[in-house]
Amino acid sequence: YAKITNGLFARINGKISALTFSKILNTKVQKIDMNTIKHVFLKGNEKFLDHTKSVALYGKIYWRKSGKKLNVGDIVYLFMSGKGHYQIRYKLEVTNTSVPRQDEKCWLAPFVPDNDCFEFTPVAAMYEGEELGYNELESIGISRYVQYSILNNEQINIIDKYFE
């Protein structure tokens, strides 16, 4: 049942409904549904940008949008190539979908300013093992030529074992 007390709370089974809570805050409450969280594969070239340095200096990685549709809470597995690694090295969470680049000190190529980037934050330590390279990823259906891919549950479960 719904009970309204002084117009402030609508309780359903003792809980405040999201609709009423949003009215109290005069804002929309975003319902987080774990089934809507995307897990994606991205490839980063270390000849242009030192992602490891970005994590060390800022605790974040900034990423150009390039038409990608990511939301706060989505998980990104970053495949790094260029400095002797050709493997997934980071598991990151999208923590902001519109921030200015703040990683100019990490660029090896000429810096390209961008005021509308994704911000990724590591959710696990950098992977430093020998797996998660081209051959292992191709064995689970991730092509060595792909730059961006939405992962399926089987791929996620296999990759996640390396970030526990």
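This one's a predicted model, so the numbers in the text were calculated from it and none came from an experiment.

Time to look at the overall build of the chain. Helix and strand content of the chain: 4 helices and 9 strands. Listed N to C, the secondary structure of the chain is β-β-β-α-β-α-β-β-β-β-α-β-α in terms of helices and strands. Across the 164 residues that make up the chain, the buried fraction comes to 39%. Put simply, of all contacts in the chain between residues at least 6 apart along the chain, 66% involve residues at least 24 apart.

The next subject is the pairing of strand E4 (residues 39–45). Across the 7 residues that make up E4, a large majority, 6, are buried. As paired elements, E4 and strand E9 (residues 148–150) share 3 bridges and run antiparallel to each other. Counted as the bridge partner of valine 40 is isoleucine 150 from E9.

This part is about helix H4 (residues 153–160). Residues Gln155, Ile156, Ile159 and Asp160 constitute the buried set of H4. Taken around the axis of H4, the buried residues stretch over an arc of 120°, which confines them to a single face. Opposite the buried face of H4, at more than 90 degrees from it, the exposed residues are Asn153, Glu154 and Asn157. Buried residues along H4 sit in contact with E4, strand E6 (75–81), strand E7 (86–99), helix H3 (134–139) and E9.

What follows deals with the pairing of strand E8 (residues 117–122). The element E8 is extensively covered by neighbouring structure, given that 5 of its 6 residues are classed as buried. Sheet topology places strand E5 (residues 61–63) next to E8; 3 bridges connect them, and they run antiparallel. Counterpart to isoleucine 61 in the pairing with E8 is phenylalanine 120. Pairing geometry for E7 and E8, over 5 bridges, is antiparallel. Residue pairing for E8: asparagine 96 is matched across the bridge by glutamate 119.

Take the side chain of aspartate 160 next. For aspartate 160, the location among the structural elements is in helix H4. Once you skip the residues sitting within four places of it in the chain, aspartate 160 turns out to touch Tyr77 and Lys91.

Here we take up the sheet that holds E9. Strand order in the open sheet formed by 6 strands is E5-E8-E7-E6-E4-E9, with mixed pairing between adjacent strands. The open sheet has two edge strands, E5 and E9, and neither has a second partner. Here the average twist between neighbouring strands, direction ignored, is 35°. Where E6 lies against E7, 7 bridges are found, and the strand directions are antiparallel. Looking at E7, one finds that phenylalanine 79 is bridged to isoleucine 88. Of the strands in this sheet, E4, E5, E6, E7 and E8 touch helix H2 (residues 51–58), which is tilted by about 125° from E5.

Thresholds, definitions, all that
Residues numbered from 1 in each chain as written. Predicted model: local features only at pLDDT ≥ 70, side-chain atom pairs only at ≥ 80, totals over all residues. Heavy atoms only, no water. Helix = DSSP H or I, 4+ residues; strand = E, 2+ residues; numbered from the N terminus. Buried < 20%, exposed > 50% of the residue type's maximum accessible area, 1.4 Å probe, protein only. Contact = heavy atoms within 4.5 Å. Pairing = 2+ DSSP bridges. Arc of directions from axis to C-beta. Axes fitted to C-alpha atoms, helices over the stretch in contact; angles between N-to-C directions.

Shape is all these values report; function is a separate question.
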